[in-house]
Amino acid sequence: MRKLMTAALIAATLVPGAAFAQSRAELYRDRQDIHREQRQLDRAYARGDWRGVREQRGDLRDARREYREDLRDRREWQRDWRRDDWRRWHDANRPLYARGNWRAPFRYQPFRPGVRIAPAYYGTRYVIADPWRYRLPAAPRTARWVRHYDDALLVDYRRGIVLDVIRGFYW
């Protein structure tokens, strides 16, 4: 049985499309497990079986944790795939991303997601007005794409937090 499971895992990692389809099925099974564990917990409460309640709470917590992990893995895979797809288009359309004459009154500083930055870095003069032209993903309602030297930053303009960074966006 162990050899069969190992072979299945190796096959899933070698074929990228299969891993994505498998992830969707895993999420469905995980949601079913959560519902099943919730029903068993409700039954334990109804019976007044406090030892069973404690066990079912642990099972429900584990099922929810597994669902969150699978959901996180799927989101990371989708984000990486979109970034790779965008990068291929970016490399094929180099003149669109020409650096141009762009100056800022401050020095370059590399930012990373999660950092809070000053409003001077994401003011209206640095906003990328037409992100669809560059095939950037749509920004959430409270965020906008801004240019910082050769990088493109997705910034939550209400809080000043960097949500995403594409380094070397402009040549």
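Preceding block: the structure.
Residues numbered from 1 in each chain as written. Predicted model: local features only at pLDDT ≥ 70, side-chain atom pairs only at ≥ 80, totals over all residues. Heavy atoms only, no water.

### Thoughts on unusual backbone geometry
And then number 1: Positioned with a positive phi, R135 is a non-glycine residue whose angle comes to about 60°.
And then number 2: Along the chain, the position of R135 falls in the loop between α3 (50-92) and β1 (143-148).
And then number 3: If you check the backbone angles, Y149 has positive phi at about 55° while not being a glycine. (Helix = DSSP H or I, 4+ residues; strand = E, 2+ residues; numbered from the N terminus.)

### Observations regarding the sheet that holds strand β2 (residues 151-156)
And then number 1: Strand order in the open sheet formed by three strands is β1-β2-β3, with antiparallel pairing between adjacent strands. The open sheet terminates on both sides in strands that have one partner only, identified here as β1 and β3 (161-166). Strand after strand, the sheet turns through a mean of 30° between neighbouring axes, direction not considered.
And then number 2: Where β1 and β2 come together, six bridges link them in antiparallel fashion. Paired with R144 across the two strands is V155, which belongs to β2. (Pairing = 2+ DSSP bridges. Axes fitted to C-alpha atoms, helices over the stretch in contact; angles between N-to-C directions.)

### Comments concerning the pairing of β1
Put simply, side chains in a regular strand alternate between the two faces of the sheet.
And then number 1: Counting buried residues in β1 gives five out of six residues, a clear majority hidden from the surface.
And then number 2: Counting the residues that bridge the hairpin from β1 to β2 gives two residues, and of these Y149 lies at a positive phi of roughly 55°. (Buried < 20%, exposed > 50% of the residue type's maximum accessible area, 1.4 Å probe, protein only.)

The values are spatial; any link to function lies outside them.
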